[in-house]
Amino acid sequence: MGEVVSVNVAVVRRGGWTGRMGSSGIDKRAVPGPVSLTGAGVAGDTIVDTASHGGWYRAAYAFELAELRYWSRELGRELVPGNAGENLTLDGMDSSDAVIGERWRIGSAVLRVTGPRTPCRVFAGFWEAERFVRRFSERGRTGAYLAVDQAGLVSAGDRVEVLSRPAHGVTVAEVFAVKQRRRPDLVEHVCQALDDLPREWAGKVRAARAAAATAVG
């Protein structure tokens, strides 16, 4: 399906763009493997804003090399693995098209796709990109957050093997579009994945369904 280009952990940065926290772990750099992934996250990584990042359903974040290349062209600057704040840079696949609840084996770890990443001002500040939150949202290729169903070791070069995929077929990109209220036509479809979404994100999908129903009424 794809493979891991690099496993990345944070170099804590400080600056005006880091906002209210005063620092950020978004700048991630490739490290030699194998790296341990557990329910608590990626060994050696640092999460500064634990309210917005981390937790069991955001134990790791995957993003594609192809998307880094896309944004390199768009922004006129070279982006390298880890620059999107991702722990796993992938090639040969698009995690935004992964199905919510899909399970992957990478190395000796088993990971489960939980949902999309939502861009923020810190992300925009790190990339020094104007109107970036809007642009990234319109692009809609967010990468995927992952829970760890089985702790294990992951290294660059490991293959991504799909172990199972829920029949509802709801993708990460579709959940993001509904959460952002961009695709009301997808609401009922995305609601099929409510049982596979973390409670917080399931609540946002339910809110989107209520808003869509109100608009129709």
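That block above? That's the structure.
In short, a report on the structure. Keep in mind it's a predicted model, so treat the numbers as computed, not measured.

The rules behind these values
- Residues numbered from 1 in each chain as written.
- Predicted model: local features only at pLDDT ≥ 70, side-chain atom pairs only at ≥ 80, totals over all residues.
- Heavy atoms only, no water.
- Salt bridge = Lys/Arg side-chain N within 4 Å of Asp/Glu carboxyl O.
- Buried < 20%, exposed > 50% of the residue type's maximum accessible area, 1.4 Å probe, protein only.
- Helix = DSSP H or I, 4+ residues; strand = E, 2+ residues; numbered from the N terminus.
- Contact = heavy atoms within 4.5 Å.

## As for the pattern of salt bridges
Alright, step 1. The final tally for this structure, using the stated rule, is 14 salt bridges.
Alright, step 2. Of the charged contacts, one joins D27 and R29 as a salt bridge, the two residues approaching to 2.7 Å between their closest N and O atoms.
Alright, step 3. When its relative accessible area of 2% is taken as the criterion, D27 is described as buried.
Alright, step 4. Here D97 and R141 are joined by a salt bridge, their closest N and O atoms 2.8 Å apart. With D97 in the loop between β6 (88-91) and β7 (103-106) and R141 in the loop between α3 (132-139) and β9 (144-150), this pair connects stretches of sequence that are 44 residues apart.
Alright, step 5. A residue is classified by how much of its surface remains accessible, and D97, at 45% relative accessible area, is partly exposed.
Alright, step 6. Taken together, the shared-partner salt bridges in this structure form one network comprising R13, D27 and R29.

## Quick notes on the environment of V172
Alright, step 1. The topology assignment puts V172 in helix α4 (residues 172-179).
Alright, step 2. Residue classification places V172 among the buried residues on the basis of a relative accessible area of 0%.
Alright, step 3. Between the C-alpha atoms of V172 and F126, which are 46 residues apart in sequence, the distance is 24 Å.
Alright, step 4. Ignoring any residue separated from it by four or fewer positions in sequence, one finds V172 in contact with S95, S96, A98, I100, V113, G115, P116, T142, G143 and A144.

## A closer look at the side chain of S137
Alright, step 1. Structurally, S137 can be placed in helix α3.
Alright, step 2. When neighbours within four sequence positions are excluded, S137 is seen to be in contact with P119, F176, Q180 and R182.

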